[in-house]
Amino acid sequence: MKSPRCFFLLGILFVTLHACRTGETAISKKEVLKNNYLKGTSMALYAGINDSTFVKLKDFSTDFVWDMKYATADNFLKAQVYECDECFLRLKTVKNLIEANAEFLEKGYRIKLFDCYRPLDIQKKMWELVPNPDFVADPKKGSIHNRGGAVDITLVDAEGKELDMGTSFDFFGSEASHHFQDLPRKVRKNRAYLKKVMLKHHFKAFDSEWWHYNLQDSYQDKLANFKWSCAHSTHLR
Ligand SMILES: [Zn+2]
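Remember, predicted model here, so these are calculated numbers, not experimental data.

So what exactly am I meant to see when it comes to the UniProt feature "binding site: Zn(2+)" (unreviewed entry) in the chain here?
The UniProt feature table records "binding site: Zn(2+)" (unreviewed entry) at His-145, Asp-152 and His-212. For this annotated set, covering 68 residues, all C-alpha atoms fall within 9.7 Å of each other, a compact arrangement in space. Its location among the elements puts Asp-152 in strand β5 (residues 150-156). A count of 23 C-beta atoms within 10 Å places Asp-152 in the buried class. Residue position: His-212 is located in strand β7 (residues 209-215). Aside from chain neighbours lying at most four places away, what touches His-212 is Ala-150, Asp-152 and Phe-206.

What should I look at first to understand the environment of Thr-53 in this one?
Residue placement: Thr-53 occurs in the loop between α2 (29-40) and β1 (54-56). The class of Thr-53 is partly exposed, set by 17 C-beta atoms lying within 10 Å.

I'm lost on the sheet that holds β5 in this one. Help?
In a beta sheet, neighbouring strands pair by backbone hydrogen bonds and run either parallel or antiparallel. The mixed open sheet is built from 5 strands, whose spatial order is β2-β4-β5-β7-β6. Of all the strands in the sheet, the pair left with one neighbour each is β2 (65-66) and β6 (203-206). In the sheet, β2 pairs with strand β4 (residues 110-115) via 2 bridges, with the strands oriented parallel. Along β4, the bridge assignment pairs Val-65 with Lys-112. Contacts from helix α5 (residues 185-200) reach β5, β6 and β7, with the element oriented near 145° to β6.

Please clarify how the environment of Ala-150 should be interpreted in this entry.
Residue position: Ala-150 is located in strand β5. Residues Ala-150 and Lys-204 lie 54 residues apart in sequence; the distance between their C-alpha atoms is 9.4 Å. Those residues in contact with Ala-150 that sit more than four places away from it in its chain are Ser-143, Ile-144, His-145, His-212, Tyr-213 and Asn-214.

Please clarify how the nonpolar core should be interpreted in this entry.
Most often, soluble globular proteins keep nonpolar side chains buried together rather than apart. In this structure, Leu-89, Leu-113 and Cys-116 are the most contacted members of the largest nonpolar core, which totals 36 residues. Of all the secondary structure elements, the ones that give two or more residues to this core are β1, β3 (88-90), α3 (91-106), β4, β5, α5 and β7. Those residues in contact with Leu-89, other than ones at most four positions away along the chain, are Phe-54, Val-55, Leu-57, Val-94, Cys-116, Tyr-117 and Gly-148.

How should I be thinking about the pairing of β4 in this particular structure?
Two faces belong to every sheet, and in a regular strand the side chains alternate between them. By the criterion of burial, β4 is predominantly enclosed, with 5 of the 6 residues buried. Both β4 and β5 contribute to a ladder of 5 bridges, which runs antiparallel. Counterpart to Asp-115 in the pairing with β5 is Asp-152.

Parameters at a glance
- Sequence order sets the numbering: in each chain, residues are counted from 1 along the sequence as written.
- Side-chain atom pairs in this predicted model are given and counted only at pLDDT of 80 or more, local residue features only at pLDDT of at least 70, and totals for whole chains, interfaces and linings cover all residues.
- UniProt positions are given in the numbering used here, feature names are shortened, and annotations may be inferred rather than shown by experiment.
- Strands are runs of DSSP state E lasting at least 2 residues, helices are runs of H or I lasting at least 4, and numbering of each runs from the N terminus.
- Whether a residue is buried, exposed or partly exposed is read from the other C-beta atoms within 10 Å of its own C-beta, which are placed from the backbone; 20 or more gives buried, 12 or fewer gives exposed, and intermediate counts give partly exposed.
- Remark: residues whose backbone-derived C-beta atoms lie within 7 Å of one another are considered to be in contact.
- DSSP calls a pair of strands paired once it identifies at least 2 bridges connecting them.
- Helix axes are fitted only over the stretch in contact, all axes being lines through C-alpha atoms; the angle between N-to-C directions runs from 0 to 180 degrees.
- To define a nonpolar core, we join buried Ala, Val, Leu, Ile, Met, Phe, Trp, Tyr and Cys residues through C-beta atoms within 7 Å and take the resulting set.

Below, the structure written as structure tokens:
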């Protein structure tokens with residue numbers, strides 16, 4: 001086994017075995033999602049940033065699906081009120097949201113975002129369009145969205161298809177409530193799954209809207225009114 005010919009044959013054997021092994025270790029879609037998450041986030045990213053600082057979610061994770069409804073006219077206001085589809089939140093909200101998303105990713109799902117931080121001026125604009133506290137929070141009080149602690153979300157599967165939650169986002173009727181039980185079993189199960197994981201990661205549900213989650217205690221944070229630049233890429237302090 002000392003001739004160059006033997007080394008050549010051993011080399012071929014090694015390459016063949018390696019190719020076979022590679023073929024056997026093709027990873028599932030679920031694992032790809034999980035690996036992307038692990039690659040895309042690190043606690044080191046949070047270093048030196050205060051928990052109450054407003055940050056851009058995309059700077060910390062690219063594992064969410066974006067469908068920011070108020071950056072389009074596809075919403076109950078029938079008006080575009082955001083210039084572009086950014087998602088800003090306080091860092092503590094981002095951290096918990098990423099942890100929740102990681103748990104969904106392990107099961108092959110991920111969070112789709114409809115709305116995040118909402119500047120107070122935008123809240124006023126929404127109030128002018130629909131001055132009804134049943135549909136829009138009165139800007140005098142403000143909402144948790146104005147404090148950087150609320151998100152409007154749903155779940156999508158590995159193909160990006162939304163899970164059936166029974167109603168669309170911003171459906172204003174009793175069917176959108178967590179208490180409304182006259183829904184198919186699958187819908188109740190999907191809502192319960194979203195709620196269970198979000199609650200585990202320190203969010204609170206909002207009874208009349210299955211899509212709305214507030215980070216615990218975020219009502220204590222100040223109302224904010226900074227506007228993001230659509231070309232913005234650094235953290236706001
Ligand atoms: Zn909301």
